[in-house]
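Structural overview for review
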Amino acid sequence: MRYISTRGGIEPLRFQDAVMMGLARDGGLLLPQTLPTVNDQVVQRWEQLSYQALAREVLSLFIDDIPETDLEDLIDRAYATFTHPQVTPVTRRGDLYILELFHGPTLAFKDVALQLLGNLFEYVLTRRGGFMNILGATSGDTGSAAIAGVRGKGNINIFILHPHGRTSPVQALQMTTILDPNVFNIAVRGTFDDAQSIVKAIFNDLDFRDQYQLGAVNSINWARVLAQVVYYVFAYCKLSRSGIKSVDFSVPTGNFGDIFAGYVARRLLPPGCIHTLILATNANDILTRFVTRGDYSCSEVQATYSPSMDIQVASNFERYLYYFFNEDGAVVRRAMETFAASGRLDLSANIRQIARDFSSRSVSEEETIATIRDFYRDHQYLLDPHTAIGVKAGLELRHPDRPVVCLATAHPAKFGEAVTLAIGREPALPPALADLQKRESRCVILDADQDVIKQYVAANALC
Ligand SMILES: *Cc1c(COP(=O)(O)O)cnc(C)c1O
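The rules we used
- Residues numbered from 1 in each chain as written.
- Predicted model: local features only at pLDDT ≥ 70, side-chain atom pairs only at ≥ 80, totals over all residues.
- Heavy atoms only, no water.
- Phe/Tyr/Trp six-rings, centres within 6.5 Å; stacked < 30°, edge-to-face > 60°.
- Helix = DSSP H or I, 4+ residues; strand = E, 2+ residues; numbered from the N terminus.
- Buried < 20%, exposed > 50% of the residue type's maximum accessible area, 1.4 Å probe, protein only.
- Lys NZ or Arg CZ within 6 Å of the ring centre and 35° of its normal.
- Salt bridge = Lys/Arg side-chain N within 4 Å of Asp/Glu carboxyl O.
- 1 Å grid on protein atoms, 1.4 Å probe; cavity = no way out; pocket = protein on both sides within 12 Å on 5 of 7 lines; lining within 4 Å.
- Points joined across faces, edges and corners; volume = space filled by probe spheres on them.
- Nonpolar A, V, L, I, M, F, W, Y, C, P; charged D, E, K, R; others polar.
- Near = heavy atom within 4 Å.
- Polar contact = N/O pair within 3.5 Å; in protein donor to acceptor, adjacent residues only side chain to side chain.
- Areas by Shrake-Rupley, 256 points an atom, 1.4 Å probe, with all protein chains shown as cover.

Comments concerning the packing of aromatic side chains
- For the coordinates displayed, the defined rule picks out 31 aromatic pairs.
- For the pair phenylalanine 256 and phenylalanine 317, a centre-to-centre distance of 5.3 Å together with 90° between the ring planes defines the contact as edge-to-face. A residue pair is termed long-range when its members are at least 10 positions apart, and phenylalanine 256 in the loop between strand E9 (247–252) and helix H11 (257–268) and phenylalanine 317 in helix H13 (residues 317–324) qualify at 61 residues.
- Note on tyrosine 296 and phenylalanine 339: the rings are 5.0 Å apart at their centroids and 40° apart in plane angle, and the pair reads as tilted. Taken together, the residues tyrosine 296 in strand E11 (residues 295–297) and phenylalanine 339 in helix H14 (residues 329–342) connect sequence positions 43 residues apart.
- On the basis of relative accessible area, tyrosine 296 is assigned to the buried category, the value being 2%.
- Exposure remark for phenylalanine 339: the relative accessible area of 8% places this residue in the buried category.
- Note that lysine 454 overlies the ring of phenylalanine 208, its terminal NZ or CZ placed 5.5 Å from the centroid.

So, the pattern of salt bridges
- The final tally for this structure, using the stated rule, is 25 salt bridges.
- One salt bridge in this structure joins arginine 151 and aspartate 180, with 2.9 Å as the shortest N-O distance. Taken together, the residues arginine 151 in the loop between helix H6 (141–150) and strand E6 (156–163) and aspartate 180 in the loop between helix H7 (169–176) and strand E7 (183–189) connect sequence positions 29 residues apart.
- As a salt-bridge pair, arginine 344 and aspartate 295 come within 3.3 Å of each other at their nearest N and O atoms. With arginine 344 in strand E12 (residues 344–346) and aspartate 295 in strand E11, this pair connects stretches of sequence that are 49 residues apart.
- The network of salt bridges with shared partners includes Asp285, Arg289, Arg293, Asp295 and Arg344.

Focus on the layout of surface pockets
- What the second largest pocket holds in volume is close to 510 Å³.
- As for the second largest pocket, its lining consists of 28 residues, and the residues nearest its centre are Thr81, Gly104, Pro105, Thr106 and Leu433.
- Looking at the lining of the second largest pocket, the elements that each hand over two or more residues are helix H4 (68–79), helix H5 (110–128) and H6.
- Across the lining of the second largest pocket, the residue classes break down as 12 nonpolar, 12 polar and four charged.

Quick look at the site of the ligand
- The environment of the ligand is formed by 15 residues, the closest being Lys110, Asp141, Gly254, Asn255 and Thr409.
- Here an oxygen atom of the ligand sits 3.0 Å away from a polar atom, N or O, in the main chain of aspartate 258.
- One of the side-chain nitrogen or oxygen atoms of serine 308 is found 3.5 Å away from an oxygen atom of the ligand.
- Relative to its unbound accessible area of 390 Å², the ligand is 96% covered by the protein chains.
- Residue composition of the shell around the ligand, grouped by class: five nonpolar, seven polar and three charged.

Pasting the structure below:
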């Protein structure tokens, strides 16, 4: 399997090069040259497999430059950090199935991808020689999952900026209590946007970037998408084994990464297995406007109870556009140029094509809290606000003859404030994190100044 760019401007790459490159050099995103498919016999066999064994089968369809036993080891180590024996179990509540993706070390679905990505980075760097300094800004979930993914790994240091005093206390502690010597937490005196623009500016200093081999862990890395394809297939196989042959998935979406993994899974499985992908958004509804009206146009970001979805421009959307435009990189490039110049793409002429893949709903703040409250009352099951958005959209848009699997993207204890509003009390942290407040923590507090941050990175980077 070789990897190409959505904009058609690079020579095909092997998987290991695709993982290390992140963004393609022509500004596009990397995708497999062809999307693999499997037949009913394969699905029947997959129904019997553990999560790890299924991950080996699915990943092998996309990776041909890592020997099988090495891949097996990378996968086994990645998911040994999960506290549930099934890694991502499916549970039924009322009319819905819930796919629990929050049993990893930081209690959010990003662990599924970043536990594997950390191992892949270390594997490639160890075999090729070299080092990497990961630099990123976070409002919470991505940073802690990235840190958990590379802590203690050889040839990698990680620097994560977060806005001082502006992430939830649990999220901040999940980062700052990781004391491995390759982990550097920087609390910036400023907002998330300040932290984010400093990181962008540093990446744009090409000399600095090359000298320190700066790496990113944002959701554009193909390996992240690939790792997430597995749990869609896993959930489908669980239901298929019990006789359910066609399902919809409801996915709380920000950057389009998770739902794009669902799109790849839908193309991988025989036609009809995954029928519709329900794209659930919060008040930041650019993707809902795209699905329902063909209008992809940015507006201001609004802060909500589901901060990990407070995104306007969805970085993975370009991957879907590549298939939308019949795999024509030149058309994608022109569309992205139009979008960059005008902040808008009008795809309303193709609305029927979009409706074959997706349905969508935007869920308000009030609906989010009401959904957490009602679902707890009816099923004694506590949703985090992101999951609640997917559940609400799933309940509203489901088809009477087809079950919906809702992706539970975070543990409710990560977002205690919204949960407290809904049920009047703070949810408990799971046992593995119960003593979080008492742990030793380490973090520097720095001004939101590019030069100050650069100096700190330079002083502590591998080089
Ligand atoms: C990141 C995140 C999302 C959104 O995922 P995308 O891949 O950006 O669509 C949803 N829920 C939680 C809890 C997250 O951390």
